[in-house]
Amino acid sequence: MRFSTLLAGLLIALLLPANTAHAAAYPIKDRVLTANKLYGTGKLQPSQCQEREVEPDDAAMAKRYLTSVLGCLNTIWGAHFKRAGLPFAKARIGFITKPRRYCGSSWGEAQAMYCDAEKRFIVLLNRDVLEDPSDLWLFRLAAHEYGHHVQRITGMARAYDRYPYDGKSELNEQTRRNELQAECLAGVFMGSVWDSLDRTDEDWEYLLDIIRESGDEQSKVRDHGKGRNIAAWLVKGFRASSPAACNTWTASSAKVS
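A brief report on the enclosed structure follows.

Rules and cut-offs
- Throughout this description, residue numbers start from 1 for each chain and increase along the sequence as written.
- Reporting of local features is limited, given that this is a predicted model, to residues whose pLDDT is at least 70; pairs of side-chain atoms are given and counted only at 80 or more, and all residues count toward the totals for whole chains, interfaces and linings.
- Computation of side-chain values: all heavy atoms of the structure, hydrogens and water removed.
- For helices the rule is a DSSP run of H or I covering at least 4 residues; for strands it is a run of E covering at least 2, with both sets numbered from the N terminus onward.
- Here the expected span of a helix is defined as 1.5 Å times the quantity of residues minus one.
- Working definition: a disulfide is two cysteine sulfur atoms within 2.5 Å of each other.
- To define axes, lines are fitted to C-alpha atoms, for helices over the stretch in contact only, and angles between the resulting N-to-C directions are given on a 0 to 180 degree scale.
- We call two directions roughly parallel when the angle between them is under 35 degrees, roughly antiparallel when it is over 145, roughly perpendicular when it lies between 65 and 115, and oblique otherwise.
- Here a residue-residue contact requires only that any non-hydrogen atoms of the pair lie within 4.5 Å.
- Each residue gets one label: Ala, Val, Leu, Ile, Met, Phe, Trp, Tyr, Cys and Pro are nonpolar, Asp, Glu, Lys and Arg are charged, and the others, such as Gly, are polar.
- Only Phe, Tyr and Trp rings take part, Trp by its six-membered ring, and two of them pair if their centres are within 6.5 Å. Stacked means planes under 30 degrees apart, edge-to-face means over 60, and tilted covers everything else.
- Throughout this description, buried means an accessible area under 20% of the type-specific maximum (1.4 Å probe, protein chains only), exposed means over 50%, and partly exposed covers the range between.
- Lysine NZ or arginine CZ positioned within 6 Å of the ring centre and within 35 degrees of the ring normal marks a charge as sitting over the ring.
- The hand of a helix crossing depends on one turn: near helix anticlockwise from the far one by less than a right angle means left-handed, and clockwise means right-handed.
- In this description, a nonpolar core means a group of buried Ala, Val, Leu, Ile, Met, Phe, Trp, Tyr and Cys residues linked to one another through side-chain atoms lying within 4.5 Å.

1. Description of helix 10 (residues 227-240)
When the terminal C-alpha atoms of helix 10 are compared, their 20 Å separation across 14 residues agrees well with the 20 Å that a helix rising 1.5 Å per residue should span. Where helix 10 terminates, the next one or two residues include Ser 241, which has phi positive at roughly 55°.

So, in structure tokens, the structure goes:
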């Protein structure tokens with residue numbers, strides 16, 4: 001939970017008139033978020049990323065699969081950051097089979113969780129994800145969590161965590177902007193490696209259908225976005241293959257609802 005941001009928001013609300021506090025939070029004004037150097041780095045170069053075989057209900061194969069995808073992510077994003085002259089650090093991965101506390105937070109309903117402090121994401125390999133692991137969901141899951149890593153190493157995660165908000169509605173919208181940006185960055189990566197994957201247009205459309213359906217279920221808690229918006233940001237990043245497409249912080253509220 002963003003306790004430090006909550007405390008800051010409460011202090012602002014106490015010290016300033018209500019309308020002033022609201023104006024300070026919207027629109028988003030922190031240039032680390034709205035004008036980050038990442039947006040000007042151009043397209044990710046078309047790259048190779050071969051998927052490993054993965055079978056249903058085989059946690060060991062799923063671990064090898066996801067570790068291999070992480071290798072692609074570190075290599076391809078690392079090369080992109082190097083070309084742009086930006087500092088880079090690799091991400092790490094871990095696995096659990098039952099929900100547990102991680103990075104100071106309860107697990108909740110997540111399938112995976114990224115920790116800024118560790119520069120690592122943990123994947124929950126439970127029945128839901130292992131039942132049918134061949135539908136690009138695992139690939140996209142790793143790419144999404146890596147999107148949070150990109151936010152971490154560009155300073156956006158810290159800026160997001162510290163940005164003030166006036167009430168739960170603003171907090172939820174900021175959380176959606178953060179999550180949808182990670183989704184868009186996942187699309188950027190997937191677009192850059194798509195031609196190297198042994199996949200079809202039907203595979204892509206099936207993934208989008210899953211995202212729309214699962215996103216609508218998540219939207220009830222108001223912190224990830226509607227299924228159609230999650231899919232739309234993934235598609236936007238995929239088509240552009242550039243982080244420039246992923247500035248959710250200046251998008252209209254409707255685009256991040």
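Next comes the rest of the description.
2. A short note on the state of the cysteines
Scanning all chains against the criterion turns up three disulfides. Paired through a disulfide, Cys 103 and Cys 115 show a sulfur-sulfur distance of 2.0 Å. A torsion of 65° about the S-S bond marks the disulfide between Cys 103 and Cys 115 as right-handed. Here Cys 103, found in the loop between strand 1 (92-96) and strand 2 (112-115), pairs with Cys 115, found in strand 2; they are 12 residues apart in sequence, far enough to count as distant.

3. A look at the packing of helix 4 (residues 59-84) against helix 8 (residues 168-193)
Contact geometry for helix 4 and helix 8: axes closest at 11 Å, N-to-C directions at 90°. Relative to helix 8, the element helix 4 lies roughly perpendicular. For the pair helix 4 and helix 8, contact is made by Cys 72, Leu 73, Ile 76 and Trp 77 and by Leu 185, Val 188, Phe 189, Ser 192 and Val 193, respectively. For the contact of helix 4 with helix 8, a count of residues per class yields eight nonpolar, one polar and no charged.

4. Concerning the packing of aromatic side chains
By the definition in use, this model includes seven aromatic pairs. Taken together, a centroid distance of 5.6 Å and an interplanar angle of 55° make the contact between Phe 81 and Phe 88 tilted. The class for Phe 81 is buried, based on a relative accessible area of 1%. For Phe 88, a relative accessible area of 29% corresponds to the partly exposed category. With a centroid separation of 4.2 Å and an interplanar angle of 25°, the aromatic rings of Trp 204 and Phe 238 are classed as stacked. Of this pair, Trp 204 sits in helix 9 (residues 201-218) while Phe 238 is found in helix 10, placing the two residues 34 residues apart along the sequence. Using a relative accessible area of 9% as the deciding quantity, one classes Trp 204 as buried. Residue Phe 238 is classed as buried on the basis of its relative accessible area, which comes to 16%. Each member of the aromatic cluster is reached from another via a ring pair, and the members are Trp 77, Phe 81 and Phe 88. Positioned over the ring face of Trp 137 is Arg 140, at 4.6 Å from the centre of the ring.

5. Some remarks on the packing of helix 6 (residues 137-153) against helix 8
Between helix 6 and helix 8, the least distance of the axes is 7 Å, while the angle of their chain directions is 120°. The two elements helix 6 and helix 8 meet at a crossing, and its hand is right-handed. When helix 6 is examined against helix 8, the residues Phe 139, Arg 140, Ala 143, His 144, Gly 147, His 148, Val 150 and Gln 151 are found in contact with a partner set consisting of Asn 178, Glu 179, Gln 181, Ala 182, Glu 183, Leu 185, Ala 186, Phe 189, Met 190 and Val 193. Residues that form the contact of helix 6 with helix 8 fall into these classes: nine nonpolar, six polar and three charged.

6. Here's the deal with the nonpolar core
Nonpolar side chains tend to gather and get buried jointly when the protein is soluble and globular. Counting residues in hydrophobic clusters, the biggest one holds 68 residues, and the most contacted among them are Trp 77, Phe 139, Phe 189, Met 190 and Trp 204. Among the elements that take part in this core, helix 4 stands out by supplying 11 residues, more than any other. Leaving out residues up to four positions away in the same chain, Phe 139 has contacts with Cys 49, Glu 51, Tyr 65, Val 69, Phe 189, Met 190, Val 193 and Leu 197. Ranked by size, the runner-up nonpolar core spans seven residues in total, among them Ile 96, Tyr 102, Met 113 and Leu 124.

Nothing here speaks to function; it is geometry throughout.
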